[in-house]
Amino acid sequence: MARIAAVLGPTNTGKTHYAIERMLAYRTGVIGLPLRLLAREVYDKIVAMRGPSVVALVTGEERIVPERAQYWVCTVEAMPEGLGADFVAVDEIQLCADPERGHVFTDRLLNARGQHETLFMGADTMRGAIAGLVPGVEFLRRERFSALTYTGSKKTSRMPPRSAIVGFSVENLYAVAELMRRQKGGVAVVMGALSPRTRNAQVAMYQNGDVDYLVATDAIGMGLNLDVNHVAFSALAKFDGRRMRQLAPNELAQIAGRAGRYRSDGSFGVTGEARPLDPEVVAAITEHRFTPIRKLNWRNARLSFGSVEALIASLEAGTDDPLLTRAREADDQMALKALAEDAVIRARASDGASVRLLWDVCRVPDFRGISHAEHAGMLSAIFTDLHERGQVREDWFARQVARIDKTHGDIDALSKRLAFIRTWTYVAQRRGWLADEDHWRGETRAVEDRLSDALHAALTQRFVDRRTSVLMRRLKQKEGLVAEVNDKGEVTVEGEFVGRLEGFRFRQDTSASPEEAKTLRAAAVAALAPEFSLRADRFYNAPDTELDYTEQGGLMWGEHAVGKLVRGDDPLKPRVQAFVDDEAGAEVAEKVTRRLQHFIDRKVAALFEPLLGIQKDESLGGLARGFGFRLIEAMGIIPRDRIAREVKELDQEARGALRKHGVRFGQFTIFMPALLKPAPTRLRLVLWSLAQGLDEFPEAPPPGLVTIPVIEGVSADVYALSGYRPAGARAIRIDMLERLADQLRAQDSRGGFEANPDMLSITGMTLEQFADLMQGLGYAAARGERPKAKAADHDAGSTGYSEVEAQPGSDRSPDPHPGDPGASEVDAFPEADGAGHSKHLHIDHLEGSGFSSVEAQPDADDDDEHEPHPGEHGISEAETNASPGDEPEVFYTFTWSGFAKPRGAGGKRGKGGGGGGAPKGGKPRGKGPKEPGGGKARKFEARPPKKEKPIDPDNPFAAALMGLKDKS
């Protein structure tokens, strides 16, 4: 007698594996499985064991039947009848209770038998129903290999790796997949509607570790064997084809049981909007205790094909068995009723053969799921062709397939085409329906494969961040990641772009989501560790020419910021703060810091060498040493009025000692010419800003400018440190101011004088700008007009000089910039009390950034014994021979009026000249007569006296000049 056994138990008990072993123990066998996907999985497994020549695969859309087939792997609906196999098995027999497909499983339970052995595998809830319907059945109880625990609700962001999130609608599934892609780098998608090819490609991504998460429908509960550690339900209700309903505990257990394979324990829970499971449900799932199934869905299998009416009546026949209940109308039965209403179809189905043919056509599954009417229309066309011609017209069939053979579009479009091709694949698999059925089986299979590949690519593109998934897999495998940094600083890890390396800081790709960013940074840090060390070695050995500092205190290596300057204990000894990621390690950070400190120390020593020389000179003593330290504190530039008393106290020996270090005692400023160069000026402003604790550092003026605009609100110290003194609307460079002072000494500041070309050339100004400058220096500027002199006689007072055009003639060479090689203190900075007078200056006219006014008064006491004030002699007027009708010439007459209130940093320009006030001593010290009681005035000249010219009687100062001459 043939053995009939039921192997019952929860998931992960090895029931399917046991059935395969039993089948292979016989010469022939048939095994029915609930899903096409599972059938393909079992088929591949048996082929690997016995070879493809003896294994057949039969599903609705796929048929692989070798000539010597011994073992048949089928979906339950496609199980061949009357084959007479030695062994027959049906998996997931509890689906007898399924509303849609249950009647098919019940039919196999009642009628499918093997010659030697029949095996039913499923849940223990079927024990009573099987015992009542199958006499002599033997029951085998299988216990779960691993434990199953409930973990409650988890956010998707906290989902552990190797988890499957289960949903019951495409919309829910895609929403979860999109969320997981952003949070975890990607997911694989498994649905029952996928083709085996797409499903296998998605599962392969999960199994080989490209992704650590799976999003699936309840299809995974039907025996799909995956390495899942945790199952999370994102929903607890599903649409069963008629209505939305809550899943029963045994259905939840079927899915949750996929967690934990063989001896590995598993867990399950909920996520998203799914409410936590009731304790009773949790207990039932973990203890495998469920309400027994008491009714199985049944449909009469003894059909009558005498007529359409007789066929419908036999399908609707009832049963008296208390364990069976008539199944609701299935899709095939509804299609039959719809076609039966068509008079033409009813007329064609007039005999048994035609009614049987009609029933076969009605059993074509509605994979498309558009509408019952649409499906019925397609079935009508197929039946008409088969009844009239015996075959489906190939031209019509070809058009249907061609319409679907398109691999472009999104996931939804590809999914619909894949569902459509499944219908035509099913038609092609029916024997005798097509003239060249082998061709169309291959063609429809090829179209399905192309659509499957396209769908897999679309799913992967949308729901998998390939970059993140690759890096996660390599990190998990603990393999050495290979990082590459190109010449643009772009960092790739294992060929995937992850960000940029800027100096010693990694800037990761900003296009990544916050969740992806964690993975990217972890991968990049792991891969960049050796790169940080190599880069630190290159940086440490790099020459100083590759390093620089910015005007805001940044430290640069090429175009990358590698640190910044911070305030030190001494303004000339700043400290550095390196920009190095913590992940680079303490050794790299220490090496970068040490190299930066060496760089800035050498930079200060080189640019401030004259200043540091004073500090190191032990021969300086007394007042000279104290004065030297004052100069060091001021970084080489001090307005003279701030230290007038100290200057007076210095004797000639002390001054000489300081001059040896390059100190210049000017009339307005005490400074070191070598420190006026652009590089020391730039560094001086940075160091001063650090010492002052400024958030934003002032920038040095562009090099080569003699004057710069004055900007209101800027600190007075900034002008001095930049090497400029404000005077009026502009500030003049202090070395040029000293040259101008030399020019002014030779003028009569009491009687008045006009600007000569040398003065305008030194400042590079127009006459109007020069007048404003002079007012800022304490002179009154009286504007006047006179007839224009002839070109031949016009040698002074020209107004043709602009800020851009004020350049010397071509026969004169430009004077050296202060501190330039070859520029001596004599030719670059004539002493305030010396005899050298300025030549013409070549000026690089650029518009610099402006600075505010700073008050600086020339002290009455200068370096040497005699200290003449500008303007002892009045200059004579140029003789003019004006002709009537000439345009009047504008000129200014300058007279000393005492130091005005500083302008440019808050003061306003006065009308017609400088304001009141006088320097120490009451009056400027010039070459005019002394205060009463002193006799004749002493004369001090910086050059041989000029030959006196006759006084022009038309000169407005003629009377005063003649009076002075008579007194002398």
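If you're wondering where the values come from, they're calculated on a predicted model, not measured in any experiment.

**Q** Could you give an account of the overall build of the protein chain, naming the residues involved and the relevant values?
**A** Counting secondary structure elements, the protein chain contains 30 helices and 34 strands. Across the 968 residues of the protein chain, 52% fall into the buried class. Within the protein chain, contacts between residues at least 6 apart in sequence are counted, and of these 72% link residues at least 24 apart. Here the protein chain has roughly 43600 Å² of accessible surface; of this, 50% comes from carbon and sulfur atoms.

**Q** Can you explain the pattern of salt bridges? Please cite residues and give values.
**A** If charged atoms from side chains of opposite charge come close, those side chains can pair. Summed over all chains, the structure comprises 51 salt bridges. When the shortest N-O distance is used, the salt bridge between R245 and E251 registers 2.8 Å. We classify E251 as partly exposed; its relative accessible area is 24%. Residue E889 pairs with R786 through a salt bridge whose shortest N-O separation is 3.1 Å. Highlighted residues: E889 in strand β34 (residues 888-896) and R786 in strand β33 (residues 779-787), separated in sequence by 103 residues. On the basis of relative accessibility, which here comes to 19%, the residue R786 falls in the buried class.

**Q** Can you tell me about unusual backbone geometry, naming the residues and giving the values?
**A** In this structure, R162 is a non-glycine residue whose phi angle is positive, near 60°. Given a relative accessible area of 14%, R162 falls into the buried group.

**Q** Can you break down helix α15 (residues 411-429) residue by residue, with the values?
**A** For α15, spanning 19 residues, the distance from its first C-alpha to its last is 26 Å, which sits close to the expected 27 Å at 1.5 Å a residue. The buried fraction of α15 is high, at 14 of 19 residues. At the N-terminal end of α15, a side-chain oxygen is found 3.4 Å from the backbone nitrogen of D412, two or three residues along, and the residue is D410.

**Q** Before we move on, could you go through the packing of aromatic side chains and cite the residues and values that matter?
**A** All told, the structure shown has 15 aromatic pairs when counted by the stated rule. Here the aromatic rings of Y779 and W896 are separated by 5.0 Å at their centres, their planes lie at 80°, and the arrangement is edge-to-face. Taken together, the residues Y779 in strand β33 and W896 in strand β34 connect sequence positions 117 residues apart. Between Y892 and F894, the aromatic rings sit 6.3 Å apart at their centres with planes inclined by 15°, giving stacked as the arrangement. The class of F894 is buried, set by a relative accessible area of 0%.

**Q** I'd like a description of the sheet that holds strand β1 (residues 3-8), backed by residues and values.
**A** In space, the 8 strands of this open sheet follow the order β4-β3-β5-β2-β6-β7-β1-β8, with mixed pairing throughout. The open sheet has two edge strands with one neighbour each: β4 (63-64) and β8 (138-141). Where strand β6 (residues 87-90) and strand β7 (residues 117-122) come together, 4 bridges link them in parallel fashion. When the bridges of β7 are listed, F87 appears paired with E117. Where helix α1 (residues 15-24) meets the sheet, it contacts β1, β2 (29-33), β5 (71-75), β6, β7 and β8, and its direction lies at approximately 170° from that of β7.

**Q** How would you summarise the packing of helix α10 (residues 331-340) against helix α12 (residues 352-362) if you had to cite specific residues and measurements?
**A** Put simply, α10 and α12 touch, their axes get as near as 8 Å, and they point 125° apart. The angle between α10 and α12 places the two elements in the oblique class. Crossing angle aside, the handedness with which α10 passes α12 is right-handed. Along its contact with α10, which presents D332, Q333, A335, L336 and L339, the element α12 presents L358, W359 and C362. When grouped by side-chain class, the residues that make up the contact of α10 with α12 number 6 nonpolar, 1 polar and 1 charged.

**Q** Please set out the nonpolar core residue by residue, giving values where relevant.
**A** For soluble globular proteins, nonpolar side chains are generally found buried alongside one another. F504, L572, L596 and F608 are the most contacted members of the largest nonpolar core, which totals 63 residues. Look past the residues within four positions of F504 in its chain and what remains in contact with it is F532, R535, A536, F539, W557, V562, F579, V580, D581, V588 and V592.

**Q** Any chance you could break down the sheet that holds strand β9 (residues 148-154) for me, citing the residues and the numbers?
**A** The parallel open sheet is built from 6 strands, whose spatial order is β9-β16-β13-β10-β12-β11. Among the strands making up the open sheet, the edge pair consists of β9 and β11 (188-190). Averaged over all neighbouring strand pairs, the angle between strand axes comes to 25°, with direction disregarded. Relative to strand β16 (residues 266-271), β9 is paired through 5 bridges, and the arrangement is parallel. Within β16, the residue paired with Y150 across the bridge is F268. Together, β9, β10 (163-166), β13 (230-233) and β16 form the strand contacts of helix α7 (residues 249-256), whose direction differs from that of β13 by roughly 140°. The sheet contacts of helix α8 (residues 279-287) involve β9 and β16, and relative to β9 the element is tilted by about 145°.

**Q** How would you explain the environment of V281 if you had to name every residue and give the values?
**A** With respect to the helices, strands and loops of the structure, V281 is situated in helix α8. Since its relative accessible area comes to 17%, V281 is described here as buried. Between the C-alpha atoms of V281 and P249, which are 32 residues apart in sequence, the distance is 5.9 Å.

**Q** Can you explain the pairing of strand β3 (residues 55-58)? Please cite residues and give values.
**A** In summary, the side chains of a regular strand alternate between the two faces of the sheet. Of the two faces of β3, the one holding V55 and L57 and the one holding A56 and V58 are both buried throughout. Summarising the sheet, β3 and β4 pair through 2 bridges and their orientation is antiparallel. Within β4, the residue paired with V58 across the bridge is R63. A loop of 4 residues connects β3 with β4, the two strands running antiparallel in sequence.

**Q** Please set out the packing of α10 against helix α13 (residues 372-389) residue by residue, giving values where relevant.
**A** Across the interface, α10 lies against α13 with an axial gap of 10 Å and an inter-helix angle of 70°. Taken as axis vectors, α10 and α13 run roughly perpendicular relative to one another. Within the contact between the two elements, α10 uses D331, M334, A335, A338 and L339 and α13 uses H372, A376, L379 and S380. For the contact of α10 with α13, the residue count by class is 6 nonpolar, 2 polar and 1 charged.

**Q** Describe the confidence of the model for the protein chain, naming the residues involved and giving the relevant values.
**A** On average, residues of the protein chain carry a pLDDT of 81, and 79% of them reach 70 or more. The lowest-confidence element of the protein chain is helix α29 (residues 825-828), averaging 36 in pLDDT; the highest-confidence one is β6, averaging 97. Confidence drops under pLDDT 50 across residues 792-882; counting only partners more than four residues distant or on other chains, this segment forms 290 contacts. Below pLDDT 50 for its whole length, residues 900-946 participates in 90 contacts with residues either more than four positions away or in separate chains.

Cut-offs used in this document
Residues numbered from 1 in each chain as written. Predicted model: local features only at pLDDT ≥ 70, side-chain atom pairs only at ≥ 80, totals over all residues. Heavy atoms only, no water. Helix = DSSP H or I, 4+ residues; strand = E, 2+ residues; numbered from the N terminus. Buried < 20%, exposed > 50% of the residue type's maximum accessible area, 1.4 Å probe, protein only. Contact = heavy atoms within 4.5 Å. Areas by Shrake-Rupley, 256 points an atom, 1.4 Å probe, with all protein chains shown as cover. Salt bridge = Lys/Arg side-chain N within 4 Å of Asp/Glu carboxyl O. Expected span 1.5 Å × (residues − 1). Polar contact = N/O pair within 3.5 Å; in protein donor to acceptor, adjacent residues only side chain to side chain. Phe/Tyr/Trp six-rings, centres within 6.5 Å; stacked < 30°, edge-to-face > 60°. Pairing = 2+ DSSP bridges. Axes fitted to C-alpha atoms, helices over the stretch in contact; angles between N-to-C directions. Parallel < 35°, antiparallel > 145°, perpendicular 65-115°, else oblique. Left-handed = near helix turned anticlockwise from the far one by under 90°. Nonpolar A, V, L, I, M, F, W, Y, C, P; charged D, E, K, R; others polar. Core = buried A, V, L, I, M, F, W, Y, C linked by side-chain atoms within 4.5 Å. pLDDT = per-residue confidence, 0-100.

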